[in-house]
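Fold and geometry: a report
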Amino acid sequence: MTIMERITNPRFLRSALPLASFAVLLSLIFYVQPRAMSYFGLNLMLQYAVPIALATIAQMFILTVNDLDLSIGAFVGLTASIGATLLADNPVVGVCALAACVAAYGAIGALIHWRNLPSIVVTLGMSFVWLGIAVIILPTPGGTSPAWIKAIMGLKVPYIPFPIIAAAVIAIVVQVLLMHTSYGATLRGAGGNPRAIERAGWSLLKIKIVMYSAAGFFGVLSGLSLIGLTSAADAHIADRYTLYSIAGVILGGGEFVGGRVSPVGAVIGALTLTLTGSFLIFLKISPDWQIGAQGAILIVVLALRALIKRREG
Amino acid sequence: MTALARTLGRQRWIWAYLGMVAVWLATVTFTGGKGGGEIITAALSFAAFTVIVGIGQMFVITTGPGNVDLSIPATISLSGAVAMKLMGGDNAMLLVGIAASLGCGFAVGLFNYMLIRILRIPPIIATLSSSFLILSTAISYGRGLKIKPPSMLADFTTTQVFGFPVLAFFVILFAAIMALILNRTVYGRAVSAVGQNPRAAWLAGVDVERIRFRTYLQSAVLAAVCGFLLAGFSGGASLNMGEEYLLASIAVVVIGGTSVAGGQGNVAGIIGAAIFMFLLVTMLNTFGASAGVRLIMTGLIIVAVITIAGGDKPQR
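The rules behind these values
- Residues numbered from 1 in each chain as written.
- Chains lettered and ligands numbered in written order.
- Predicted model: local features only at pLDDT ≥ 70, side-chain atom pairs only at ≥ 80, totals over all residues.
- Heavy atoms only, no water.
- Phe/Tyr/Trp six-rings, centres within 6.5 Å; stacked < 30°, edge-to-face > 60°.
- Helix = DSSP H or I, 4+ residues; strand = E, 2+ residues; numbered from the N terminus.
- Buried < 20%, exposed > 50% of the residue type's maximum accessible area, 1.4 Å probe, protein only.
- Lys NZ or Arg CZ within 6 Å of the ring centre and 35° of its normal.
- Salt bridge = Lys/Arg side-chain N within 4 Å of Asp/Glu carboxyl O.

Let us look at the packing of aromatic side chains. This model, assessed by the stated rule, comprises 16 aromatic pairs over all chains. Ring geometry for Phe-49 of chain B versus Phe-233 of chain B: centroids 5.1 Å apart, planes at 50°, classification tilted. Of the two residues, Phe-49 of chain B is situated in helix α3 (residues 36-62) and Phe-233 of chain B in helix α11 (residues 208-233); the sequence distance between them amounts to 184 residues. Since its relative accessible area comes to 0%, Phe-49 of chain B is described here as buried. Seen in terms of ring centroids, Phe-59 of chain B and Tyr-187 of chain B are 6.0 Å apart; in terms of plane orientation they differ by 15°. Their pairing is stacked. Here Phe-59 of chain B is found in helix α3, whereas its partner Tyr-187 of chain B is found in helix α9 (residues 186-196), with 128 residues between them in sequence. An identical accessibility class is assigned to Phe-59 of chain B and Tyr-187 of chain B; each is buried. What links up through ring pairs into an aromatic cluster is the set Phe-46, Phe-49, Phe-233 and Phe-278 of chain B. Here the guanidinium or amino end of Arg-115 of chain A rests over the ring plane of Trp-114 of chain A, the centre of that ring lying 5.6 Å away. Taking NZ or CZ as reference, Lys-85 of chain B lies 4.4 Å from the ring centre of Tyr-141 of chain B, over its face.

All told, the structure shown has four salt bridges over all chains when counted by the stated rule. Its salt-bridge partner being Asp-67 of chain A, residue Lys-208 of chain A comes within 3.2 Å of it at the nearest N-O pair. Highlighted residues: Lys-208 of chain A in helix α12 (residues 204-230) and Asp-67 of chain A in the loop between α4 (49-64) and α5 (72-89), separated in sequence by 141 residues. A relative accessible area of 14% places Lys-208 of chain A in the buried class. Residue Asp-67 of chain A is classed as buried on the basis of its relative accessible area, which comes to 8%. For the salt bridge of Arg-212 of chain B with Glu-209 of chain B, the shortest nitrogen-to-oxygen distance reads 3.5 Å. One end of the pair, Arg-212 of chain B, and the other, Glu-209 of chain B, are both in helix α11, three residues apart, so they sit about a helical turn from each other. Residue classification places Glu-209 of chain B among the partly exposed positions, given a relative accessible area of 24%. Three or more residues are tied together by salt bridges with common partners; here these are Arg-117, Glu-209 and Arg-212 of chain B.

The structure is reproduced here in structure tokens:
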């Protein structure tokens, strides 16, 4: 295979698409605003990439088993609220509350599998429950994030901005666990061919519980990292994360069904989404269009993917 | 009598109406019989809007698993903002406003279907990403929008005859027509057929793609109509006025007895479910529940209803 053939190979194009979109967006930003090309500039632009990447990974776990989570944004809001109140006041109570949140997520996975329910309806309902609990815990924006979370999120690393290191660590850890372990392959198989996995003796119920709990765990991490940046919380702090997380997975090359996901891609997708905000600001485009631009990027990437797919045959 | 009970028990939409009556009785018992009539009037007024979008969503969901229109809230906001701005509160511009509103609906429906068909994007992602674009358009177009609706529109949406909202009457009439379309026309039967088994429907000569196109178009247009009327009802368009209709449109379909796996729609249940949803919030308000508790209860009831109804195995 010549180099040209290798580059135009649909499979290569497909897997290169997330990184390419990120690189294109980043170079456009550097072109428009050269001052962004610095330690400080990158740090500022990618600050919120960590919580968004964590929420995206959470969504990816759910998409792996062919479900969709419309409640992750509200859930991140809830865990942020718990982090800024219960966890800050009394670490033991706070940790227990967060553990209960993860367990609740696992239970929802079990319920969805047990009754064969559509995940969209269940999670949409649950988003109201999470929001309701968050509003009760934290009726008005406020609270304070624990000092140790602030310390972690404010870490100054020489040469490479912290968000980039954190994103890389998240991507590599999840990539290894989900893509390079035998249990990870089973988990993905439950999305690709649930019947085969079941016949091979695995419990689909257990797999759903594991995946939903993992999503809950990353949702907790997302909420905590978010208050590390904002130092206060609000029940509505992460409402947009539901959309971000879905878009992030898709931008990162994840398929909607069939267990075809990519943790590294998902994190890159999250970074790309985070950058769109800065890009629009540099272009002096009204923030009104921020959410629209994210939709447009999503559509463009999906269009490119459809083109590549057509060539795949 | 038992035969009647059994026949009714098999109709899943009956639960929505039972829930509606139970919640109303609980509320009226709590208030000692005061305000029972007013509550019904308010419920009919508000439920009318949910029914309009619910019917559009029901047809979409009935075309099979994976089909859901998530762009309804954004379309409501866009249609309301565009219509209000064009009419500028002038009765003479009413027709222009209606046309613009319908135009928004057509454009959104066309765009959604284009994404689904040409780019082969799964409907959920397609309608989600288009809703981003629609919402941004609405936000940037309608910034600082504080325009009162034309008096004729405001009157139409708020007039009552003996405590019965005129709008609710029209919506019930419309629902009856849509029920006929679903159960008695070639289009309606085709929607169910596609939802049950798209391949079998295709082999039987159903133009599956045309059915899908019409269904998504219909949903967007109904969302636009809802936005138009809602802006008239609430004294002007606001950008987040569509927000609550994402959950509401799906919830009334599920509670109303439509199969979420597709292939089996139900119009009558949507009306009961929409009134039930409104009465539920009213009841919690009367009981003095806080905003948080109201949210939790709303969410839990939807999860409970879908759990009891159970997901049907996809018929493939």
